[in-house]
Amino acid sequence: MKISMVLVSICFCAALLFNACSSPQDNAYEAQEKVHKERLELVKQYQECLKKAEEKKTDAGVCEQYLKASEALK
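Residues numbered from 1 in each chain as written. Predicted model: local features only at pLDDT ≥ 70, side-chain atom pairs only at ≥ 80, totals over all residues. Heavy atoms only, no water.

Chemist: Could you give me a rundown of the state of the cysteines, with the residues and numbers involved?
Modeler: Working definition: the covalent bond between the sulfur atoms of two cysteines is a disulfide. Using the criterion set out here, one finds one disulfide in the structure. Between Cys49 and Cys63 runs a disulfide, and the two sulfur atoms are separated by 2.0 Å. What sets the handedness of the Cys49 and Cys63 disulfide is the S-S torsion sign, and at about -80° it is left-handed. On the criterion of sequence distance, the pair formed by Cys49 in helix H2 (residues 24–56) and Cys63 in the loop between H2 and helix H3 (64–72) is long-range, its members being 14 residues apart. Just as Cys49 is buried, Cys63 falls in that class too. (Disulfide = S-S within 2.5 Å. Helix = DSSP H or I, 4+ residues; strand = E, 2+ residues; numbered from the N terminus. Buried < 20%, exposed > 50% of the residue type's maximum accessible area, 1.4 Å probe, protein only.)

Here it is in structure tokens:
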């Protein structure tokens, strides 16, 4: 009985250890996903800025900062 409990404990600890380790490829995917989300947010802000500029009939050049920032993240 004690041996089976030890084996179960070892297997449980090994499973936790292997699940906790992430590969460099997983880390790269997560970093890439964060960059894509940030680019999408900047493009969304750019579009909202253009819409507000059109409504208020102001210069849309101010909005270019969002577009340039999103292009910098490529």
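From this point, things continue past the structure.
Chemist: Mind laying out the pattern of salt bridges, listing which residues take part and the relevant values?
Modeler: Overall, the coordinates contain one salt bridge when judged by the stated rule. One salt bridge connects Lys37 with Glu33, and the closest N-O pair in it is separated by 3.5 Å. Of this pair, Lys37 and Glu33 both sit in helix H2, separated by four residues, roughly a single helical turn. Since its relative accessible area comes to 53%, Lys37 is described here as exposed. (Salt bridge = Lys/Arg side-chain N within 4 Å of Asp/Glu carboxyl O.)

Chemist: Requested: an account of the packing of H2 against H3, with residues and values cited.
Modeler: Relative orientation and spacing of two packed helices are given, respectively, by the angle between their axes and the distance between those axes. Running from amino to carboxyl end, H2 crosses H3 at an angle of 160°, the nearest separation of the two axes being 8 Å. Accordingly, the angle class assigned to the pair H2 and H3 is roughly antiparallel. Helix-helix and strand crossings are classified by hand; for H2 and H3 the assignment is left-handed. Contact residues: Arg39, Leu42, Val43, Gln45, Tyr46 and Cys49 in H2; Glu64, Tyr66, Leu67, Ala69 and Ser70 in H3. Of the residues that constitute the contact of H2 with H3, the class distribution is seven nonpolar, two polar and two charged. (Axes fitted to C-alpha atoms, helices over the stretch in contact; angles between N-to-C directions. Parallel < 35°, antiparallel > 145°, perpendicular 65-115°, else oblique. Left-handed = near helix turned anticlockwise from the far one by under 90°. Contact = heavy atoms within 4.5 Å. Nonpolar A, V, L, I, M, F, W, Y, C, P; charged D, E, K, R; others polar.)

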